[in-house]
Amino acid sequence: MCGIVGMLGQNEVAPILLESLRRLEYRGYDSAGIATLRDGKLQRRRAVGKLSELSDLLVRNPIQGLSGIGHTRWATHGPATLENSHPHQSRSVAVVHNGIVENHLELRAQLSALQIEHKTETDTESITLLCQYHLEQGLAHAEAALKTVRSLRGAFALAFLFEGEEDCLIVARQGSPLVIGHGQSETYVTSDSIALTGLTDRITYLQDGDFACLSRRKISIFNCGGEEVSRPLERRNIDSASTDKGGHKHFMSKEIYEQPKILAAAIERYETSGGMAELRPAVEMVSSCRRLELVGCGTAHFACQVAGYWFEWLAGIPVSTTVASEFSCRKQAFDEQTLGIFVSQSGETADTLSALRHMKNAGCGTLSLLNVTSSTMARESDVSLPIHAGVEIGVASTKAFTCQLLALANLVLAVAERRRYADQDRISRLRKEFRRLPALTSAALAADDGIKSIAGELGKFVSVLFIGRGAMYPLALEGALKLKEISYIHAEGLASGELKHGTLALVDDKMPVVVLAPQDQLYAKSLSSSEEVKARRGKIILVSDTTGPTGIWRTVPLPSVDPVFAPILYAIPMQLLAYHTAVHLGTDVDQPRNLAKSVTVE
Ligand code: AGP
């Protein structure tokens, strides 16, 4: 997703803007730019590609000024070209934007009727042209910006910089997050507080509909009704440690390897009185509902699918899991007895947010499991549970996934203990196994060297299948997503039993098939699926706590674990296989092409 930053500083802002944009790189982008005010005049530098391109440009052709805005663009309207990159400027106003202006074609037509023509394909240019038009109609800069914002529909976080206004930033938030940073005698604005690392830990989150006039000494915030409001001043522990690689080559590697520690800390937190108090409202909601609807996107959706099995197996609650982007296509018979559970690392994913609002409007309870606890989803859910994964920078979700599963497992166990549906001895044995998970994931990481050698060969293939049964089926989907999203090798996850219903036609001696098969009651069936592959000379990579039959191309040995929690453990080799394959192929592991960390557009 795009990232925006704005600063009213006491020193040259260009280098600070660049450093802040670097901290937003994880969001994914394909061009970047900054604009500053020098002697009241706008200056702008933009570059396509990575921030290093912009940085080199600034060395060759620097810009000065103590006020400025910056942007990393993830293309939505118009390709990644120089003229489409932000900041957009129209004579005396420059704008940076994260989101989508849904009525931009309407605005384009209105401006064209005024003989005001666009030069780019972007929706953002309509914002600058419209604001400039209002300025030329005699409106003051704040009124011109407000009138412009009021004519927009869609999702946007905006920052306006005006010529002649060295101590002013006008910002607006509708659907895309925006945070104000309070410096000693500086003021900042950004899409994500991580960009303020090293600058300030005093922040204020704007809410949807807010419009704010910022200066170095004063911040005036107005709600959608135009009343001046105050929003809470919060402190964020934005420590640099959470935003550096800790000696790893990539953030993704660091985040894979820190999972045992993170999971252990989360379990410890869950077992404190504070953690149990935090969980109680969620247990109440789940225990008293008639049906669960679990909703997420991508990896978070797969976490929902795993949890769907758990809620059915251990708590006897009927469950439906829906990928959020398909949610509005279904006419589901929700009633207030249906509880919506929304899983999201960022808490800003537009598809998941839209599903949450849909269920809320239908009178359903809404429970979210989130990593970013200050996110929009946290504010809009009836109850929100943190997953305690810590800052996750890599676009590919790793520790967030295992922490989502851990938080869901903790919730399911508590509900199972409350509803007494399953045998309570079994539940207490599972609670003990739950506490072993950090040690087990640490043991799973020991398979790294073997996985690295498999990855060295995997890069030669053009497609890879992942198959699994039961709760291993969503893990097959996750393994395929991990591999394709960072190595760009096509991969497909499917239920093992489905292989013979068509996909088997793809299997020959050039098709690696990753078989996820913990020794559980489905193991025999998983092996028969792998026999089907072997009979077609497919290259089986068996991920299991057993050695499996003869004729296996490669094995990934894992420790034994109660089959209920196998999904958490088997996520580790899926992450490592994707990571090492991508490193071997030289792709951009932390910021894979075309992708964003948080997809805040539908
Ligand atoms: C996971 O590796 C992907 N980056 C992506 O599928 C992600 O899980 C999805 O976009 C949902 O994001 P969220 O958890 O922030 O809602």
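Going along each chain's sequence as written, the residues are numbered from 1 onward. Confidence filtering applies because this is a predicted model: local features only for residues at pLDDT of at least 70, side-chain atom pairs given and counted only at 80 or more, and all residues used for totals across whole chains, interfaces and linings. Heavy atoms from the whole structure form the basis of all side-chain values; hydrogens and water molecules are not counted.

(A) A look at the layout of surface pockets. Approximately 540 Å³ is the volume attributed to the second largest pocket. Lining the second largest pocket we find 29 residues, and of these Cys297, Gly298, Thr299, Lys597 and Val599 sit closest to its centre. Of the residues belonging to the lining of the second largest pocket, the class tally is eleven nonpolar, 13 polar and five charged. Note on definitions: the grid is 1 Å and covers protein atoms alone; a cavity is a set of points where a 1.4 Å probe fits but cannot get out; a pocket is an open set with protein on both sides within 12 Å along at least five of seven lines; lining residues have an atom within 4 Å of a point. Grid points are joined across faces, edges and corners, and a volume is the space filled by probe spheres set on the points. Residues are sorted three ways: Asp, Glu, Lys and Arg are charged, Ala, Val, Leu, Ile, Met, Phe, Trp, Tyr, Cys and Pro are nonpolar, and all the rest, Gly among them, are polar.

(B) Geometry of the sheet that holds strand β23 (residues 512-516). If you walk across this open sheet you meet the five strands as β22-β21-β23-β24-β25, and the pairing is parallel. Whereas interior strands pair on both sides, the edge strands pair on one side only; in this sheet they are β22 (490-495) and β25 (554-557). Between one strand axis and the next, the sheet turns by 15° as a mean value, whatever way the strands run. Note that strand β24 (residues 539-544) and β25 share four bridges and pair parallel. Within β25, the residue paired with leucine 542 across the bridge is threonine 555. For two strands to pair, DSSP has to find at least two bridges joining them. Every helix listed is a DSSP run of H or I at least four residues long, and every strand listed is a run of E at least two residues long, numbered separately from the N terminus. In this description, a line fitted to the C-alpha atoms serves as the axis of each element, helices being fitted only across the stretch in contact, and the angle between N-to-C directions of two axes falls anywhere from 0 to 180 degrees.

(C) Representation of the site of the ligand. One heavy atom within 4 Å of a molecule or strand makes the whole residue count as near it. The full set close to the ligand counts 14 residues, and Ser344, Gln345, Ser346, Thr349 and Glu485 are the nearest of them. Each polar contact in these results corresponds to two N or O atoms within 3.5 Å; when the atoms are within protein, one needs to be able to donate a hydrogen and the other to accept it, and residues that are neighboring in sequence are counted only if both atoms are side-chain atoms. Between serine 344 and the ligand, the recorded distance is 2.7 Å, taken from a side-chain N or O atom to an oxygen atom. Note that accessible areas follow from Shrake-Rupley with a 1.4 Å probe, and for residues the cover is restricted to the protein chains shown. Within the complex, the protein chains bury 91% of what would otherwise be the 410 Å² of accessible surface of the ligand. Should more than half of a molecule's atoms lie within 2 Å of a pocket's or cavity's grid points, that molecule is taken to sit in it. Because more than half of its atoms lie within 2 Å of the grid, the ligand is assigned to the second largest pocket. Every element with two or more residues in the shell around the ligand is listed here: α9 (298-315) and α16 (472-487).

(D) Representation of empty space enclosed by the protein. For the structure shown, the criterion picks out two cavities of 30 Å³ or more. In this structure, the largest cavity encloses a volume near 70 Å³. Lining the largest cavity, in full, are Cys2, Arg73, Trp74, Thr76, His77, His86, His97, Gly99, Thr122, Asp123 and Thr124. For the lining of the largest cavity, a count of residues per class yields two nonpolar, seven polar and two charged. Approximately 60 Å³ is the volume attributed to the second largest cavity. Tyr270, Gly275, Glu278, Leu279, Leu385, Pro386, Ala407 and Asn410 are the residues that line the second largest cavity. Residue assignment for the lining of the second largest cavity shows that the elements contributing at least two residues are α8 (273-287), β20 (383-386) and α13 (399-419).

(E) Broad picture of the nonpolar core. Take the buried Ala, Val, Leu, Ile, Met, Phe, Trp, Tyr and Cys residues and link them wherever side-chain atoms come within 4.5 Å; each set so joined is a nonpolar core. Exposure categories follow from relative accessible area, calculated using a 1.4 Å probe and restricted to protein chains: below 20% of the type maximum is buried, above 50% is exposed, and the middle band is partly exposed. Trp310, Phe311, Leu367 and Phe565 are the most contacted members of the largest nonpolar core, which totals 99 residues. In terms of residue count, the dominant contributor to this core is α13 (14 residues). Once you skip the residues sitting within four places of it in the chain, leucine 367 turns out to touch Ala282, Met285, Val286, Leu339, Gly340, Ile341, Phe342, Val383, Leu385 and Leu411. Within the second largest apolar cluster, 27 residues are counted, among which are Ala32, Leu57, Leu58 and Leu196. Any two residues whose heavy atoms approach within 4.5 Å are treated as being in contact.

(F) Broad picture of the pattern of salt bridges. Should a side-chain nitrogen of Lys or Arg be within 4 Å of a carboxyl oxygen of Asp or Glu, the pair is scored as a salt bridge. Tallied over the full model, the rule gives 27 salt bridges. With a closest N to O distance of 2.7 Å, glutamate 478 and lysine 482 form a salt bridge. With glutamate 478 and lysine 482 both in helix α16 and four residues apart, the pair spans about one turn of that helix. Summarising the burial analysis for this pair, glutamate 478 and lysine 482 share the class buried. Across the pair lysine 482 and glutamate 485 runs a salt bridge, and its minimum N-O distance is 3.2 Å. Taken together, the positions of lysine 482 and glutamate 485, both in helix α16 and three residues apart, correspond to about one turn of that helix. Glutamate 485 carries the same exposure label as lysine 482, and that label is buried. Through salt bridges with shared partners, one network takes in Arg173, Asp208, Arg357 and Glu380.

(G) Layout of α9. Residue count minus one, scaled by 1.5 Å, sets the expected span of a helix. In this model, α9 (18 residues) spans 25 Å end to end at C-alpha, consistent with the 26 Å of a helix rising 1.5 Å per residue. For α9, a buried count of 14 out of 18 residues is recorded, marking the element as mostly surrounded by other parts of the structure.

(H) Examining the environment of alanine 447 more closely. In this structure, alanine 447 sits in the loop between α14 (424-445) and α15 (448-458). What makes alanine 447 buried here is its relative accessible area of 11%. Leave out the neighbours within four places in its chain, and alanine 447 touches Val556 and Pro557.

(I) Representation of the sheet that holds strand β1 (residues 3-8). The strand order across the open sheet formed by eight strands is β3-β2-β4-β1-β10-β9-β11-β15, and the pairing between neighbours is antiparallel. Each edge of the open sheet is held by one strand with a lone partner, namely β3 (41-48) and β15 (234-235). Both strand β2 (residues 31-38) and β3 contribute to a ladder of eight bridges, which runs antiparallel. What sits directly across from arginine 38, in β3, is lysine 41. Along the sheet, helix α1 (residues 14-22) makes contact with β1, β2 and β4 (67-73), crossing β1 at roughly 150°. Across the sheet, helix α2 (residues 51-60) is in contact with β2, β3 and β4; its angle to β3 comes to roughly 135°.

(J) Fine view of the side chain of serine 220. Position of serine 220 among the secondary structure elements: in strand β13 (residues 219-222). At a separation of 2.8 Å, a polar atom in the side chain of serine 220 contacts the side chain of lysine 218. Those residues in contact with serine 220 that lie beyond four places of it in its chain are Phe211, Ala212, Cys213 and Glu228.

So far we have only geometry, and geometry alone does not tell us how the molecule works.
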